[in-house]
There are 2 protein chains.
Amino acid sequence: MARALSQRQRAILEYIERFLDENGYPPTIREIQHDLRISSTSVVDYNLNVLEQRNLIRRNRNISRGIELVGRRSAERRVIRIPVVGQIAAGQPLPVLEEVDPSNVDDHIELSADLVGKQPDGLFALRVKGFSMVDALISDGDIVVLRRQETAENGETVAVWLRREQETTLKRFYHEGDRIRLQPANAMMDPIYTTPDNVEIQGKLVTVLRAVS
Amino acid sequence: MARALSQRQRAILEYIERFLDENGYPPTIREIQHDLRISSTSVVDYNLNVLEQRNLIRRNRNISRGIELVGRRSAERRVIRIPVVGQIAAGQPLPVLEEVDPSNVDDHIELSADLVGKQPDGLFALRVKGFSMVDALISDGDIVVLRRQETAENGETVAVWLRREQETTLKRFYHEGDRIRLQPANAMMDPIYTTPDNVEIQGKLVTVLRAVS
DNA sequence: TATACGAGCGAACAGATGTTCGTGTCAAGG
DNA sequence: CCTTGACACGAACATCTGTTCGCTCGTATA
């Protein structure tokens, strides 16, 4: 088992990798045969079996193009793709998610999973307009990643729509008796106190991103 | 073109994504048909054509499993993997990159390429300790991505080591005559003026990341 | 020399799969 | 009421594709 791969086996393996990168789907036995100038499909089959025994690929019998490269997908899995569905500014509410066709959003960002918590569900991103959130250490041009939710635990940073003020803001949320305290992330700033009927929670802050020009 | 996808089209798209993740190769029309309880392969074919016109997938005619998810592979390629080599704090210089064995760094972050500029070379990341950089809208626990460089253009945000003060800071850099102005990103803060021999540029700020607990 | 075995050949076979086409349904609009 | 277009059906068809099998060749090995 310690034997090295034959030149042909190496060539086949490299061919599969390249094919997969270029096409997004695996090659057929005949494509391998043709492009590598192998005289018979059975030779390809023979060598694919060798590669499978070496645990370099996995074959799915009786399935066309049923070749998987072992160990390839797992690394790519931990990258989350998040749609950028609009912008967030002090004087305007968040875009209504349901009105955004996720398949028509062509603006995306990608992050490793550990930056966005456990589940990648319900995540969306917004571009920050203006400087109304510097107290949350968030500036114009930043991208914020939020998870859609309508309630908040004490201490969570949430995007809230203040009904009376007609304003969106990002603050730490504290329910204190019959009032709500919205605490800026910047400790040097003073909190806002308001009533529950005035706040409409739009989502929880998950990640802040700033790409410096 | 502004029309939303039908429920069935969305289901097919999601199915293809899931299938691809689980199997490493795309599904056949009949697999889609069967698992989604669609009565005819031609219905699948019809909807796949719609998805292709929307530029969500690419189909390769007369090829089994010839379905590609547009933007999936190419997007994954542009994901940059950046090593987190240490931490940055006001009172300590940056770790010397050459002393860090890159193969021993098991802490990494992943970002889409457009967040870090054109080339992925010379990039490294640091965890921010302390609150000495709130004036740059950077707080304790943030991760900063830097590109190693020893000089700076006017206006670039750089990590500098101030020799006399024995201190690391992140500021916008301006060379003004025979002195240097280090301008906090937060417009409400005052700049620092110092002399060129006191500043040691360690890298240029590329991205700031904040994962909110 | 006889035997074993890895490796390769070529052809035929059987499924697996994409394509096509006539037909049907339904809602919107004239 | 008729037309149109989006969407769906189901069956027949034509390839595409994996599998199998008998055979050859060269190099060890007994």
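Attention here is on the structure that accompanies the text. (Residues numbered from 1 in each chain as written. Chains lettered and ligands numbered in written order. Predicted model: local features only at pLDDT ≥ 70, side-chain atom pairs only at ≥ 80, totals over all residues. Heavy atoms only, no water.)

Focus: the overall build of chain A
Now for step 1: Tallying secondary structure elements over chain A gives 4 helices and 11 strands in all.
Now for step 2: Counting the 213 residues in chain A, one finds 47% classified as buried.
Now for step 3: Looking at chain A alone, contacts between residues at least 24 apart form 58% of all its contacts between residues at least 6 apart. (Helix = DSSP H or I, 4+ residues; strand = E, 2+ residues; numbered from the N terminus. Buried < 20%, exposed > 50% of the residue type's maximum accessible area, 1.4 Å probe, protein only. Contact = heavy atoms within 4.5 Å.)

Examining the protein's contact with DNA strand D
Now for step 1: Around DNA strand D, 24 residues are found, and the nearest of them are Arg-30 and Arg-65 of chain A together with Ser-39, Ser-40 and Ser-42 of chain B.
Now for step 2: Close to the protein, within 4 Å, the atoms of DNA strand D are drawn from sugar and phosphate at a rate of 65%.
Now for step 3: Between DNA strand D and Asp-45 of chain A there is a distance of 3.4 Å, counted from a phosphate oxygen to a side-chain nitrogen or oxygen.
Now for step 4: Contact between DNA strand D and Ser-40 of chain B: a base nitrogen at 2.3 Å from a side-chain N or O atom of the residue.
Now for step 5: Of all the elements in the fold, those that place two or more residues in the surface near DNA strand D are α2 (29-35) and α3 (41-53) of chain A together with α3 (41-53) of chain B.
Now for step 6: Considering every element that reaches the surface near DNA strand D, the biggest residue donor is α3 of chain B, with 5 residues.
Now for step 7: For the surface near DNA strand D, the residue count by class is 6 nonpolar, 12 polar and 6 charged. (Near = heavy atom within 4 Å. Polar contact = N/O pair within 3.5 Å; in protein donor to acceptor, adjacent residues only side chain to side chain. Nonpolar A, V, L, I, M, F, W, Y, C, P; charged D, E, K, R; others polar.)

Notes on the packing of aromatic side chains
Now for step 1: Tallying each qualifying case throughout the model produces 4 aromatic pairs over all chains.
Now for step 2: Arranged with centres 5.9 Å apart and planes meeting at 45 degrees, the rings of Tyr-15 of chain A and Phe-19 of chain A form a pair that is tilted. Placement of both Tyr-15 of chain A and Phe-19 of chain A in helix α1 (residues 7-23) is noted, with a separation of 4 residues, approximately one turn of the helix.
Now for step 3: Under the relative-accessibility criterion, Tyr-15 of chain A is labelled buried at 5%.
Now for step 4: Taking relative accessible area as the criterion, Phe-19 of chain A reaches 11% and is therefore assigned buried.
Now for step 5: Relative to Tyr-25 of chain B, the ring of Phe-19 of chain B lies with its centre 5.9 Å away and its plane at 70 degrees, an arrangement referred to as edge-to-face.
Now for step 6: These aromatic residues form a ring-pair network of at least three members: Tyr-15, Phe-19 and Tyr-25 of chain A.
Now for step 7: Sitting over the face of the ring of Tyr-174 of chain A, Arg-181 of chain A holds its NZ or CZ atom 4.3 Å from the ring centroid. (Phe/Tyr/Trp six-rings, centres within 6.5 Å; stacked < 30°, edge-to-face > 60°. Lys NZ or Arg CZ within 6 Å of the ring centre and 35° of its normal.)

With respect to the environment of Val-158 of chain A
Residue and element names in this part refer to chain A.
Now for step 1: Within the secondary structure, Val-158 is located in strand β7 (residues 157-162).
Now for step 2: The sequence separation of Val-158 and Lys-171 amounts to 13 residues, and the corresponding C-alpha distance is 5.8 Å.
Now for step 3: Apart from residues lying up to four places away in sequence, Val-158 is in contact with Ala-152, Thr-169, Leu-170, Lys-171, Phe-173, Ile-201, Gly-203, Lys-204 and Leu-205.

Describing the protein's contact with DNA strand C
Now for step 1: In the vicinity of DNA strand C, 25 residues are found, and the nearest of them are Ser-39 and Ser-40 of chain A together with Ile-29, Arg-30 and Arg-65 of chain B.
Now for step 2: Put simply, 66% of the atoms of DNA strand C that lie within 4 Å of the protein are in sugar or phosphate.
Now for step 3: At 3.2 Å, a side-chain N or O of Arg-8 of chain A approaches a phosphate oxygen of DNA strand C.
Now for step 4: Measuring from a base nitrogen of DNA strand C, one finds a side-chain N or O atom of Ser-40 of chain A at 2.4 Å.

Concerning the pattern of salt bridges
Residue and element names in this part refer to chain B.
Now for step 1: According to the stated counting rule, one finds 20 salt bridges over all chains in the structure shown.
Now for step 2: With its nearest N and O atoms 2.6 Å apart, the salt bridge here joins Glu-52 to Arg-61.
Now for step 3: Residue Lys-204 pairs with Glu-156 through a salt bridge whose shortest N-O separation is 3.6 Å. With Lys-204 in strand β11 (residues 199-211) and Glu-156 in the loop between β6 (143-148) and β7 (157-162), this pair connects stretches of sequence that are 48 residues apart.
Now for step 4: According to the relative accessible area criterion, Lys-204 is buried, its value standing at 14%.
Now for step 5: Here Glu-156 falls in the buried class, since its relative accessible area comes to 17%. (Salt bridge = Lys/Arg side-chain N within 4 Å of Asp/Glu carboxyl O.)

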